[in-house]
Amino acid sequence: MSAKLPPAQMHPATRALDAGLVPDPVTGAIAPTLVASVNNTFTPGSAGFSAEGADLTEQPFLYARWTNPTVRALEERLAGLEGAEDALATATGVAAAAAVFLTLLKAGDHLIVSEVCYAGVYELATRILPDLGIAVTPCDLTDPAAVRAALRPTTRLIHAETPCNPILRLTDLAALSHIAREAGVLLSVDSTLATPVITRPLDHGVDLVIHSLTKFMNGHGDALGGAVIGRKDLISRLRSRAGVYLGATLSAQNAWLILRGLDTLFPRLRTASDTAGQLANWLKSHPAVTRVTWPGAEDHPQRDLAQRQMALGGAMIAFQTREAPATVAARMAARFRVIHYAFSLGHQRSICVHIGTEEIQRSTFRMEGAALQRWTDWAGEGVFRLSVGLEDPADLIADLSCALE
Ligand SMILES: Cc1ncc(COP(=O)(O)O)c(C=O)c1O
């Protein structure tokens, strides 16, 4: 068998298919094998069975809560994609964020979290962590002075998300990692909306990349999953705490589906991003639409940063309408024939949902004063969040046209 090209020597799009891929040593099969087994046989005395320092060097597959051959194949693919030393696959994206928070933070520590990020992660940070004695400060991470002012001697971690869900505001990862490094604080970023096709956060100095694999990475809307990707020493600590003790491990079946999804990550994202650009332009020229936010647009408020940090505009669009959102949403639900009016994002099929300011402020962010003003400057009364899929752009435009009137 010829030697495989090391992931570091592959172009990024090739890594999505081939990083860590080795033909099955018994059958020679090329596609990853689904190994469902939760344990492997071993020679007594040959391996320790401690969760601490779960670095997988001796007997990685003793028991699948550590990892399993199919899950490991996914972890190696993910590490290759982000240009990282190692990765931990978790049951969901929220489990990946929880793995980071609950491993790196303890009572008395302080977390700075982006004032806008995925609602589930924001609520985990601001509602659950304080119960454990961890102080949490939501912060506008686009403002370096605000980040510096939020730092405390006990700050251990800054958690960012870019582009952030749902308003598609961007965070300058290089600038933030500079602040974090100066302060001796770790920086994690949720890169779910970007994917490694668009941004590789480790290249910008970030310590840990978090993904909901449920979204673009799998891309088919049929498996939950998450991942944390970064330095080997940090990932070993996360595996031990979150995987082994908290049991947030991914199933082999979902790992196998997500590996299959990753094969087409680059062409999916390129197509969807291209279609999103066409839709953003079309929406902008529609009289019923008052504002369109797409990171690839020339009029995105952070155009320079988008160009520095993002290879493509991405497949997410946020837009606002002249008419009351409830009326438009009702028409969408009734009239869409291709797009789905639903939650979630990053699937092969387009999905649209309205995220109302009043509702999300009541349920999640609870902003006041300047923070609320910053939110409404971007989102007004709320945004329609459109996750663009792989359909023909003309069919998507026909659907939107019908719903907007
Ligand atoms: C940016 C982002 N991060 C994390 C998550 C959570 O992912 P999961 O549903 O896999 O837990 C989501 C879900 O929508 C998300 O949009």
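Nothing here was measured: the structure is a model prediction, and the numbers come from that model.

Overview of the sheet that holds strand β4 (residues 155-161)
Then, in step 1: Strand order in this open sheet of 7 strands is β1-β7-β6-β5-β4-β2-β3, and the pairing throughout is mixed. Both outer strands of the open sheet, β1 (86-90) and β3 (135-139), are each paired with one neighbouring strand and no more. Along the sheet, successive strands turn relative to each other by an average axial angle of 20°, direction set aside.
Then, in step 2: In terms of strand pairing, β1 meets strand β7 (residues 226-230) through 5 bridges, oriented antiparallel. Paired with L88 across the bridge in β7 is V228.
Then, in step 3: The strands that helix α3 (residues 93-104) touches are β1, β2 (110-114), β4, β5 (186-190), β6 (208-212) and β7; relative to β6, the one it contacts most, it runs at about 150°.
Then, in step 4: Strands β2, β3 and β4 of the sheet are contacted by helix α4 (residues 119-128), whose axis makes an angle of about 140° with β3.

A look at the site of the ligand
Then, in step 1: If you check the shell around the ligand, you find 14 residues, and the closest are G93, V94, D190, S212 and T214.
Then, in step 2: In this structure, a nitrogen atom belonging to the ligand sits 2.6 Å away from a side-chain N or O atom of D190.
Then, in step 3: At a separation of 2.8 Å, an oxygen atom of the ligand approaches a polar side-chain atom of S212.
Then, in step 4: In isolation the ligand exposes 390 Å². Once the protein is present, 92% of that is buried.
Then, in step 5: Looking at the shell around the ligand residue by residue, the class counts come to 4 nonpolar, 7 polar and 3 charged.

Topic: the side chain of T321
Then, in step 1: Here T321 shows up in strand β9 (residues 316-321).
Then, in step 2: Judged by its relative accessible area of 13%, T321 falls in the buried class.
Then, in step 3: Once you skip the residues sitting within four places of it in the chain, T321 turns out to touch A288, V289, T290, V328, F384 and L404.

Concerning the sheet that holds β9
Within a sheet, adjacent strands bond to each other through the backbone by hydrogen bonds, running parallel or antiparallel.
Then, in step 1: Reading across from one edge, β8-β9-β12-β11-β10 is the order of the 5 strands in this open sheet, with mixed pairing throughout. The open sheet has two edge strands, β8 (289-293) and β10 (340-341), and neither has a second partner.
Then, in step 2: With 4 bridges joining them, β9 and strand β12 (residues 382-387) adopt antiparallel strand pairing. Across the sheet, the residue bridging to I317 is L386, located in β12.
Then, in step 3: Against the sheet, helix α10 (residues 265-284) makes contact with β8, β9 and β12, and its axis sits at roughly 10° relative to β9, the strand it touches most.

Conventions and cut-offs
Residues numbered from 1 in each chain as written. Predicted model: local features only at pLDDT ≥ 70, side-chain atom pairs only at ≥ 80, totals over all residues. Heavy atoms only, no water. Pairing = 2+ DSSP bridges. Helix = DSSP H or I, 4+ residues; strand = E, 2+ residues; numbered from the N terminus. Axes fitted to C-alpha atoms, helices over the stretch in contact; angles between N-to-C directions. Contact = heavy atoms within 4.5 Å. Near = heavy atom within 4 Å. Polar contact = N/O pair within 3.5 Å; in protein donor to acceptor, adjacent residues only side chain to side chain. Areas by Shrake-Rupley, 256 points an atom, 1.4 Å probe, with all protein chains shown as cover. Nonpolar A, V, L, I, M, F, W, Y, C, P; charged D, E, K, R; others polar. Buried < 20%, exposed > 50% of the residue type's maximum accessible area, 1.4 Å probe, protein only.

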